[in-house]
Amino acid sequence: MKFFIDTANLEQIAKAESMGILDGVTTNPSLMAKEGVKGNEAIMKHYVDICGIVTGDVSAEVLSTDYEGMIEEGKKLAALHKQIVVKVPCTADGIRAIKSFSDMGIRTNCTLVFSLGQALLAAKAGASYVSPFVGRLDDVSSNGIELVSRIVNVYRYYGYQTEVLAASIRSVQHIIQCLEVGADVITSPLSSIMALLDHPLTDKGLAIFEKATKEII
Ligand code: E4P
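For clarity, every value in this text was computed on a predicted model and none was experimentally measured.

### Focus on the overall build of the protein
Next, step 1: Along its length, the protein carries eleven helices and eight strands.
Next, step 2: In terms of overall dimensions, the protein is globule-like: its C-alpha atoms have a radius of gyration of 19 Å, near the 17 Å expected for 217 residues.
Next, step 3: Based on the C-alpha atoms only, the size of the protein along its principal axes is roughly 70 × 40 × 30 Å.
Next, step 4: Taken across its 217 residues, the protein has 46% of its residues classed as buried.
Next, step 5: Sequence separation of 24 or more characterises 56% of the internal contacts of the protein that already satisfy a separation of 6 or more.

Have a look at this one:
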């Protein structure tokens, strides 16, 4: 399973990259706003900066909601760097744009996916990635992991090439559950990635070994 970091924060991206386990980055307008990135030029520069830190795919979301706007923006984003994947919302215009991008050889991430039907349309349009939002479904008493599992099963049964990128990850539990149901990718905040390391017996064992080390050197 691939690991993407879900942030536009350059320090956090660099920290995850330095661990050697990072496969890519996802961003969205909220994450860019959180970093204070404002204006078209600054947004474009920020994506190029991110591509300079990581070697994997970087999802850059279109801000337009109409087909023509998405196509214009997506072409500019894709031309920025070969690692850029154009992130497009799962709407009628978005699906149409994903099909056009696919025909142009531009890779896409279909975002804001909350149902199997939406995931079906994303795959049929030729999306490179589909992003079911796990945490936001859990927030409304639905089951985000169950949706990830259903998409994985259907894509494998029919042989769709679209990769299932579980988004809106909030915890270690979400990451482990995505692993168990066969997600291709998870995108997570740095805190949840780091929390995978946490275990009291590791801390206790290390303290014992450190004490013993003092006796043998
Ligand atoms: C990433 O592709 C998504 O935009 C992101 O995971 C959404 O996460 P949130 O639900 O925590 O905002």
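Picking up after the structure, the text goes on.
### Some details on the site of the ligand
Next, step 1: Taken together, the neighbourhood of the ligand is formed by D6, T26, N28, K87, F133, R136, A167, S168 and R170.
Next, step 2: Interatomic distance of 2.7 Å between a side-chain N/O atom of K87 and an oxygen atom of the ligand.
Next, step 3: In this structure, an oxygen atom belonging to the ligand sits 2.7 Å away from a side-chain N or O atom of S168.
Next, step 4: Surface burial for the ligand is 84%, taken as the share of its 350 Å² of free accessible area covered by protein chains.
Next, step 5: In terms of residue class, the shell around the ligand is built from two nonpolar, three polar and four charged.

### Focus: the pattern of salt bridges
Next, step 1: As enumerated under the stated definition, the model contains eight salt bridges in all.
Next, step 2: Among the salt bridges present, the one from K2 reaches E163, with a minimum N-O distance of 3.0 Å. Pair noted here: K2 is in strand β1 (residues 2-6) and E163 is in strand β7 (residues 163-166), with a separation of 161 residues, a long-range link.
Next, step 3: E163 gets classed as partly exposed once you look at its relative accessible area, which sits at 23%.
Next, step 4: For the salt bridge of K87 with E61, the shortest nitrogen-to-oxygen distance reads 3.6 Å. Here E61 lies in strand β3 (residues 57-61) and K87 lies in strand β4 (residues 84-89), a separation of 26 residues in the sequence.

### Regarding the sheet that holds β4
Next, step 1: Spatially, the eight strands close up into a barrel ordered β1-β2-β3-β4-β5-β6-β7-β8, and their pairing is parallel. Ignoring which end each strand starts from, the neighbouring axes of this sheet average 30 degrees apart.
Next, step 2: Bridging between β4 and strand β5 (residues 108-113) involves four bridges; their strand directions are parallel. Within the sheet, the bridge partner assigned to P89 lies in β5 and is T111.
Next, step 3: Sheet strands in contact with helix α5 (residues 92-104) are β4 and β5, and its direction is about 155 degrees off that of β4.
Next, step 4: Along the sheet face, helix α6 (residues 116-125) touches β5 and β6 (129-132) and points at about 165 degrees away from the line of β5.

### Remarks on the pairing of β1
Next, step 1: Extensive coverage of β1 is indicated by the burial of four of its five residues.
Next, step 2: In the sheet, β1 pairs with strand β8 (residues 185-188) via four bridges, with the strands oriented parallel. Bridge pairing links F4 to T187 in β8.

### Remarks on the pairing of β7
The two faces of a sheet get side chains in turn, since along a regular strand they alternate between them.
Next, step 1: Sheet topology note: the β6/β7 ladder contains two bridges and is parallel. When the sheet's bridge partners are listed, V130 is paired in β7 with V164.
Next, step 2: Relative to β8, β7 runs parallel, the two being bridged by two bridges. In the strand pairing of β8, A166 is matched with I186.

Criteria and cut-off values
Residues numbered from 1 in each chain as written. Predicted model: local features only at pLDDT ≥ 70, side-chain atom pairs only at ≥ 80, totals over all residues. Heavy atoms only, no water. Helix = DSSP H or I, 4+ residues; strand = E, 2+ residues; numbered from the N terminus. Rg over C-alpha atoms; globule rule 2.2 N^0.38 Å. Buried < 20%, exposed > 50% of the residue type's maximum accessible area, 1.4 Å probe, protein only. Contact = heavy atoms within 4.5 Å. Near = heavy atom within 4 Å. Polar contact = N/O pair within 3.5 Å; in protein donor to acceptor, adjacent residues only side chain to side chain. Areas by Shrake-Rupley, 256 points an atom, 1.4 Å probe, with all protein chains shown as cover. Nonpolar A, V, L, I, M, F, W, Y, C, P; charged D, E, K, R; others polar. Salt bridge = Lys/Arg side-chain N within 4 Å of Asp/Glu carboxyl O. Pairing = 2+ DSSP bridges. Axes fitted to C-alpha atoms, helices over the stretch in contact; angles between N-to-C directions.

Without other data, these values stay purely geometric and don't point to any function.
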